[in-house]
Amino acid sequence: MSFFNTTYRIVDGVTIPGVFLQAFINNGDHYFVTEIKVYKEGTIDCWGIVDFDGFKEKVSKGWVRTHLPEGARVSMMVSGLNFTVHQVKSRVEEQEFVKEIEDEIRRLNGQLTTGEICRQALTQYKHEPNEENKEYLRQAYNAVPKHCRIYLGDMDDKDSEYRSILNRWSD
């Protein structure tokens, strides 16, 4: 967990730790840059507290977005900045963002994230390189949000070791 994206909320005098990730809220004809706050007990604040299923519904209905359409009007409420976007590129797909949010809930609860499971699957495969372990590695790799896969390896190689193994036809 990064120190810089931590947050918390207090419920009945109990402090609930969390983290936040940035995304856009589609509020009608305007998009707002905002923090999507994810808390240990599984609630998510995306301009309203929802559970994980409620969050997935907000994403599927376009309320929470990681991509903006051409010509979208955007506001940053804290700074009061407003602008219109053109030629927008985002490396985070909405469904992959949902997977990242789920990973954050796991991490906040001391459970293994998809990235950690994938690293374990790689170790298992390297120890015993067979088709069963390769398939387990493939499933674990595909579970990791696409935009987070580059963090599976080191800074220079990123996820190349994983891709190299998974792109081989047979062992």
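Scroll up a little and you will see the structure.
All of these numbers come straight from a predicted model, not from anything done at the bench. Here the residue index of a chain counts from 1 through its sequence in written order. Totals for whole chains, interfaces and linings use all residues, but because this is a predicted model, local features are given only for residues with pLDDT of at least 70 and pairs of side-chain atoms are given and counted only at 80 or more. Hydrogen atoms and water are omitted, and side-chain values are computed over all heavy atoms in the structure.

(A) The arrangement of the nonpolar core in detail. Only buried Ala, Val, Leu, Ile, Met, Phe, Trp, Tyr and Cys residues count toward a nonpolar core, and they belong to the same one when joined by side-chain atoms within 4.5 Å. Here's how the labels work: a residue is buried when its accessible area is under 20% of the maximum for its type, exposed when over 50%, partly exposed in between, all with a 1.4 Å probe on protein chains only. Grouped together as the largest cluster of nonpolar side chains are 19 residues, with contacts concentrated most on Ile36, Val38, Ile44, Phe55, Val64, Phe97 and Ile101. If you list the elements that add at least two residues to this core, you get β2 (14-26), β3 (31-39), α1 (52-60) and α2 (94-108). Per the convention used, a helix needs a DSSP run of H or I reaching at least four residues, while a strand needs a run of E reaching at least two, with both numbered from the N terminus. If one sorts the elements of this core by residue count, α2 sits on top with five residues. Note on contacts: a residue pair is in contact if any heavy atoms of the two residues lie within 4.5 Å. In contact with isoleucine 36, not counting residues within four places along its chain, are Val19, Phe20, Leu21, Ala23, Ile25, Ile44, Asp45, Cys46, Phe55, Val64, Phe97 and Ile101.

(B) Just unusual backbone geometry, in detail. Backbone geometry at tryptophan 47 places phi at a positive 65 degrees, although glycine is not the residue there. By the secondary structure assignment, tryptophan 47 is in the loop between β4 (44-45) and β5 (49-50). A relative accessible area of 35% places tryptophan 47 in the partly exposed class. The residue lysine 158 is not glycine, and still its phi comes out positive at about 50 degrees. Tracing the sequence through the fold places lysine 158 in the loop between α4 (131-143) and α5 (160-166).

(C) Quick peek at the packing of aromatic side chains. A pair of Phe, Tyr and Trp rings is counted when the ring centres sit within 6.5 Å of each other, with Trp represented by its six-membered ring. The angle between the planes then sorts it: under 30 degrees is stacked, over 60 is edge-to-face, the rest tilted. For the structure on display, the rule yields four aromatic pairs. With a centroid separation of 6.2 Å and an interplanar angle of 55 degrees, the aromatic rings of phenylalanine 55 and phenylalanine 97 are classed as tilted. Here phenylalanine 55, found in helix α1, pairs with phenylalanine 97, found in helix α2; they are 42 residues apart in sequence, far enough to count as distant. Here the two residues phenylalanine 55 and phenylalanine 97 agree in accessibility, since each one is buried. Here tyrosine 141 and tyrosine 162 contribute two aromatic rings whose centre-to-centre distance is 6.1 Å and whose plane-to-plane angle is 25 degrees, an arrangement assigned as stacked.

(D) Quick look at the pairing of β3. Two strands pair if DSSP finds at least two bridges between them. Of the strand pairs in this sheet, β2 and β3 are connected by nine bridges, and their pairing is antiparallel. Each residue of the ladder has a partner; that of asparagine 26, found in β3, is tyrosine 31. Counting the residues that bridge the hairpin from β2 to β3 gives four residues, and of these glycine 28 lies at a positive phi of roughly 85 degrees. Judged from the two bridges that link them, β3 and strand β7 (residues 73-76) form a sheet pairing that is parallel. From the neighbouring strand, tyrosine 31 faces β7, where its bridge partner is valine 74. Two elements, β3 and β4, share two bridges in a ladder whose sense is antiparallel. Across the sheet, the residue bridging to valine 38 is isoleucine 44, located in β4. With antiparallel pairing between neighbouring strands as the criterion, β3 and β4 make up a hairpin whose turn holds four residues, including glycine 42 at a positive phi of roughly 100 degrees.

(E) Inspection of the packing of helix α3 (residues 114-127) against α4 at higher detail. Axis angles are defined between N-to-C directions and span 0 to 180 degrees, where every axis is a line fitted to C-alpha atoms and, for a helix, only to the segment in contact. Two numbers describe how α3 lies on α4: the axes approach to 8 Å, and their chain directions differ by 160 degrees. Of the possible angle classes, the one that applies to α3 and α4 is roughly antiparallel. Crossing angle aside, the handedness with which α3 passes α4 is left-handed. Between α3, through Thr114, Ile117, Cys118, Ala121, Leu122, Gln124 and Tyr125, and α4, the contact on the second element is made entirely by Asn133, Lys134, Tyr136, Leu137, Ala140, Tyr141 and Ala143. Think of it as three bins: nonpolar holds Ala, Val, Leu, Ile, Met, Phe, Trp, Tyr, Cys and Pro, charged holds Asp, Glu, Lys and Arg, and polar takes everything else, Gly as well. When its residues are assigned to classes, the contact of α3 with α4 shows 10 nonpolar, three polar and one charged. Angles are sorted into four bins: roughly parallel if under 35 degrees, roughly antiparallel if over 145, roughly perpendicular if 65 to 115, and oblique for all others. Helix crossings get a hand from a simple test, with the near helix turned counterclockwise from the far one by less than a right angle marking a left-handed crossing and a clockwise turn marking a right-handed one.

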